[in-house]
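Coordinate inspection notes
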Amino acid sequence: MRHLAEVCTRLDELEAGGESFDRLAVLLAAWFHDAVYDGQPGAEERSARWAESALPEAGVPATVATEVGRLVRMTETHRPADDDPDGCALSDADLAILAAAPQRYAEYATAIREEYAHVADDAFREGRAAILADLLAKPHLFHTAHARERWEATARANVAAELGRLRA
């Protein structure tokens, strides 16, 4: 719930900072993007299918439910197209934790390890390091101008520091 609240707060910040996106679809996608959160492969796909099934039953138009499913699937890679304002906003809000203050970032990193407690230490370090290295290899962690300006430098520093600890 904490992560969801943080993502929603970051979406508000993006919107207040001038970023345009379909607020309903992106907020619903934020709610569903970690609906299945079990540390197993395919969690995003299962979350997306759940959204696509549950939302129309709750009266959400099918077109919105389809967009929510697409956005949830995008959170597996956090690589939306440049001309995808909904995907860019959701990806940035979801990854904004990377730009958190040091204590909050440490709590986040600890929670990630706890989520994968079933994975051996060496395998976890290797897998997490690969994910972090992949993030750092991207030209930008964030896709919106607002996030790049305000979050990019701190996020890169946090990710590089964690990667260094994992590789030590």
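First, a word on what this report is: a plain description of the structure on this page. None of these values were measured; they are calculated from a predicted model.

Let's shift gears to unusual backbone geometry. Notably, H78 is not glycine yet its phi reads approximately 55°, a positive angle. By the secondary structure assignment, H78 is in the loop between α4 (62-74) and α5 (85-95).

Enumeration over the complete set of coordinates arrives at 18 salt bridges. Here R2 and E107 are joined by a salt bridge, their closest N and O atoms 2.9 Å apart. Of the two residues, R2 is situated in helix α1 (residues 2-16) and E107 in helix α6 (residues 102-115); the sequence distance between them amounts to 105 residues. Residue R49 pairs with E45 through a salt bridge whose shortest N-O separation is 3.6 Å. Here the residue R49 and the residue E45 both occupy positions in helix α3 (residues 43-57), the gap between them amounting to four residues, near one helical turn. Overall, the relative accessible area of 45% leaves R49 in the partly exposed class. Within this structure, R2, E6, R104 and E107 form a network of salt bridges that share partners.

For the rest of this paragraph, the subject is the nonpolar core. Counting 46 residues, the largest nonpolar core has L11, L14, L55, V68 and L98 as the members making the most contacts within it. Mapped by element, the contributors of at least two residues to this core are α1, α2 (23-32), α3, α4, α5, α6, α7 (121-137) and α8 (145-167).

Turning to the environment of P56, a few remarks are in order. Inspection of the secondary structure puts P56 in helix α3. Along the backbone, P56 and A96 are 40 residues apart, and their C-alpha atoms lie at a distance of 29 Å. With near-sequence residues (within four places) excluded, P56 lies in contact with A51 and A65.

Here is what the cut-offs are and how they apply
Numbering of residues starts from 1 in every chain and runs along the sequence as written. In keeping with the model being predicted, local features are shown solely for residues with a pLDDT of at least 70 and side-chain atom pairs are shown and tallied solely at 80 or more, while totals for entire chains, interfaces and linings include all residues. Heavy atoms throughout the structure, all of them, feed into the side-chain values; hydrogens and water do not. Labels follow the DSSP assignment, with helices taken as runs of H or I lasting at least four residues and strands as runs of E lasting at least two, numbered in each case from the N terminus. The working definition used for a salt bridge is a side-chain nitrogen of Lys or Arg within 4 Å of a carboxyl oxygen of Asp or Glu. Whether a residue is buried, partly exposed or exposed follows from its accessible area with a 1.4 Å probe, protein chains only, as a fraction of its type maximum: under 20%, in between, or over 50%, in that order. Here, nonpolar core refers to any group of buried Ala, Val, Leu, Ile, Met, Phe, Trp, Tyr and Cys residues whose side-chain atoms link them within 4.5 Å. Throughout, a contact is declared for two residues whenever any of their heavy atoms are within 4.5 Å.

Function cannot be read off these values alone, since they describe shape.
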